[in-house]
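Observations on the three-dimensional arrangement
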Amino acid sequence: MNIEFDGPVSSANATLLRQVIEALLTRIQARDSGLDLSALSRIVVADDLPAAAQGFGAKPVVGELLSHIVADGERFALLFDGKRLWQILEGDGAGIAHLIHLLHKECWRLHDAAHPAPATPAAAPLARVLAPIVATMWQEYRVNRRSAWSVPADSDLLLNHLAALLQALPAGMHEEITLYFADQDLDGLFAKSLGRIAHLMQAVAHVQGYLDGMEQPLAAVSADMAGVVGQSFLSPIWITTAQHLAAGHAIEAGEAADAPLLRDVQAAFATFGLQLRESDDGDVWVDVQPLVKPATLH
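In this report, we go over the structure that sits alongside the text. Counting of residues starts from 1 at the beginning of each chain's written sequence and follows it residue by residue. Under the rules for a predicted model, residues below a pLDDT of 70 receive no local features and side-chain atom pairs below 80 are neither given nor counted, while totals for whole chains, interfaces and linings still include all residues. To get the side-chain values, all heavy atoms of the structure are used, and hydrogens and water are removed first.

**Remarks on the overall build of the protein chain**
Inclusion rule: Think of it this way: any DSSP run of H or I at least four residues long counts as a helix, any run of E at least two long counts as a strand, and we number them from the N terminus. Buried, partly exposed and exposed residues are distinguished by accessible area as a fraction of the type maximum, computed with a 1.4 Å probe on protein chains only: under 20%, between the cut-offs, and over 50%, respectively. Residues count as neighbours in contact if any of their non-hydrogen atoms are within 4.5 Å of one another. Accessible areas in this description were obtained via Shrake-Rupley with a 1.4 Å probe; residue shielding takes into account the shown protein chains only. Counting rule applied: Lys, Arg positive; Asp, Glu negative; His and chain ends not counted. Taken as the charge centre is NZ of Lys, CZ of Arg, CG of Asp or CD of Glu, depending on the residue.
Helix and strand counts for the protein chain stand at twelve helices and seven strands. Its C-alpha atoms put the protein chain at 70 × 45 × 35 Å along the principal axes. Relative to its 298 residues, the protein chain shows a buried fraction of 44%. Partitioning the intrachain contacts of the protein chain with sequence separation of at least 6 by distance along the chain shows that 72% fall at a separation of at least 24. When the accessible surface of the protein chain is totalled, it reaches about 14,700 Å², and 54% of it is carbon and sulfur. Within the protein chain, the 35 negative side-chain charges are centred at a point lying 2 Å from the centre of the 19 positive side-chain charges.

**A few points about helix H8 (residues 186–214)**
For the record, the criterion: Take the number of residues in a helix, subtract one, and multiply by 1.5 Å to get its expected span.
Helix length check: H8, at 29 residues, gives a terminal C-alpha distance of 42 Å against a target of 42 Å (1.5 Å per residue), a fit within 8%. Phi turns positive, to about 55°, at glutamate 215, one or two residues after H8.

**Examining the sheet that holds strand E2 (residues 40–46)**
Spelled out, the test is: Should DSSP find at least two bridges between two strands, the strands are regarded as paired. For helices, the axis comes from a line fit to the C-alpha atoms of the stretch in contact; other axes are also lines fit to C-alpha atoms, and the angle between any two N-to-C directions lies between 0 and 180 degrees.
One open sheet holds the four strands; their spatial order is E1-E2-E4-E3, and the pairing between them is mixed. Across the chains shown, the open sheet's two edge strands, defined by having one partner strand only, are strand E1 (3–6) and strand E3 (67–72). Ignoring which end each strand starts from, the neighbouring axes of this sheet average 25° apart.

**So, the environment of serine 10**
Where we set the bar: Counted as a polar contact is a pair of N or O atoms within 3.5 Å, where, for protein atoms, one must be capable of donating a hydrogen and the other of accepting one, and residues adjacent in sequence contribute only when both atoms are in side chains.
By secondary structure assignment, the location of serine 10 is in helix H1 (residues 8–12). Here the side chain of serine 10 touches aspartate 47 through a polar contact of 2.6 Å, side chain to side chain.

**Quick look at the packing of aromatic side chains**
This is how the line gets drawn: Note on aromatic contacts: the rings of Phe and Tyr and the six-membered ring of Trp form a pair at centre separations within 6.5 Å, being stacked when their planes are under 30 degrees apart, edge-to-face when over 60 apart, and tilted otherwise. For a lysine, the NZ atom is tested; for an arginine, the CZ atom; a charge sits over a ring if that atom is within 6 Å of the ring centre and within 35 degrees of the ring normal.
The full count for this structure, using the stated rule, is four aromatic pairs. Relative to tyrosine 141, the ring of tryptophan 138 has its centre 6.1 Å away and its plane inclined at 75°; by these criteria the two rings are edge-to-face. Remark: tyrosine 141 and tryptophan 138 occur in helix H6 (residues 125–146); sequence separation between them is three residues, near one turn of the helix. Note on accessibility: tryptophan 138 and tyrosine 141 belong to one class, buried. Where tyrosine 180 meets phenylalanine 181, the ring centres are 5.4 Å apart and the plane angle is 55°; that geometry is what we call tilted. Judged by relative accessible area, tyrosine 180 falls into the buried class, the value being 3%. Positioned over the ring face of tryptophan 138 is arginine 142, at 4.0 Å from the centre of the ring.

**Looking at the pattern of salt bridges**
Spelled out, the test is: Put simply, a salt bridge is a Lys or Arg side-chain nitrogen that is within 4 Å of an Asp or Glu carboxyl oxygen.
Throughout the structure, instances matching the rule amount to eight salt bridges. Close ionic contact of arginine 42 with glutamate 4 constitutes a salt bridge, the shortest N to O distance being 3.2 Å. Of this pair, arginine 42 sits in strand E2 while glutamate 4 sits in strand E1, placing them 38 residues apart in sequence. With a relative accessible area of 22%, arginine 42 lands in the partly exposed category. The closest approach of N and O atoms between glutamate 176 and arginine 196, which form a salt bridge, is 3.1 Å. Here glutamate 176 is found in helix H7 (residues 159–183), whereas its partner arginine 196 is found in helix H8, with 20 residues between them in sequence. Judged by its relative accessible area of 28%, arginine 196 falls in the partly exposed class. Three or more residues joined by partner-sharing salt bridges are found here, namely Glu4, Arg42 and Asp72.

**Observations concerning the nonpolar core**
Selection criterion: Here the nonpolar core consists of buried residues drawn from Ala, Val, Leu, Ile, Met, Phe, Trp, Tyr and Cys, with membership extended through side-chain atoms lying within 4.5 Å.
Within the largest apolar cluster, 51 residues are counted, with the highest numbers of intra-cluster contacts made by Leu162, Leu200, Met201, Leu234, Trp238 and Val265. Per-element tally for this core: the top contributor is H8, with twelve residues. When sequence neighbours within four positions are dropped, the list of residues in contact with tryptophan 238 reads Leu162, Val204, Val207, Gln208, Leu211, Leu218 and Val229. In this structure, Ile3, Ile28, Leu40 and Leu78 belong to the second largest nonpolar core, which totals 27 residues.

**Focus on the packing of H7 against helix H10 (residues 223–230)**
Note the following rule: Orientation categories follow fixed angle ranges, with anything under 35 degrees roughly parallel, anything over 145 roughly antiparallel, 65 to 115 roughly perpendicular, and all other angles oblique. Two helices crossing with the near one rotated counterclockwise from the far one by less than a right angle form a left-handed crossing, whereas a clockwise rotation gives a right-handed crossing. Each residue gets one of three labels, nonpolar for Ala, Val, Leu, Ile, Met, Phe, Trp, Tyr, Cys and Pro, charged for Asp, Glu, Lys and Arg, and polar for the others, Gly among them.
Two elements in contact, H7 and H10, have axes separated by 11 Å at closest approach and are oriented at 25°. The pairing of H7 with H10 is recorded here as roughly parallel in orientation. Crossing handedness for the pair H7 and H10: left-handed. In this structure, H7 contributes Leu159, Leu162, Ala163 and Leu166 to the contact, and H10 contributes Met225, Val228 and Val229. Considered class by class, the residues forming the contact of H7 with H10 number seven nonpolar, no polar and no charged.

Any link to function would need more than the numbers given here.
What follows is the structure, encoded as structure tokens:
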């Protein structure tokens, strides 16, 4: 494995950092025999992660990331923040457990890069609009399901974030729809609601991937969270989406797996009074309840 080091801290601790990374990769590959890392060209451990990413021509790194995957020619490079990586290794076992899980997930992302899903562009206009949401759901679900064995014992599986979304989303959507009735900007309403629904469905797939990988229902992991979901607007969507993710995972990726999730995304919009449909001339239409006449997106 080609591992490079850049910066005083990363270079000074290169020997130990290399040993740790190689040992973790060996452990992960031994456990997941089907893992293919042929898309990985090299690992770069750098003191300045944003600068390292820019060196590969990647977009600016947002947030305090420990790792980042960037294109490296026809393959991919895995970048690590060397300073933070060294801090973790100097810390306690909990930090190292999270490091193992992070690297495990990155490995499966690299595997998926080596085995992309077949390109099957959606023919229907509405399917094309919602396809990016479904693609992100599959990415979150599959990576988390396959890496569930390494999830740290103290991980909340993103349940707190999902709970916060369930609390904030109804008010946020209500505000967007209220503003629409004031300014009649349907394209603006759709764009903003699309972002909110995409975030919600990504979180649902993220959590469900872990649950299915652990072979545990939500109630077994958190009875409180199961109660929150059961009493929220998400309850019917949660049940059907969980079924569709598990069923789609068992078959080859493609339209048959995507179609049920597209319906789930539409159901999430409908929960807040936004009915998405296609007109006879191929436009995507949105009925905003309680509008009498539908409006079309441009």
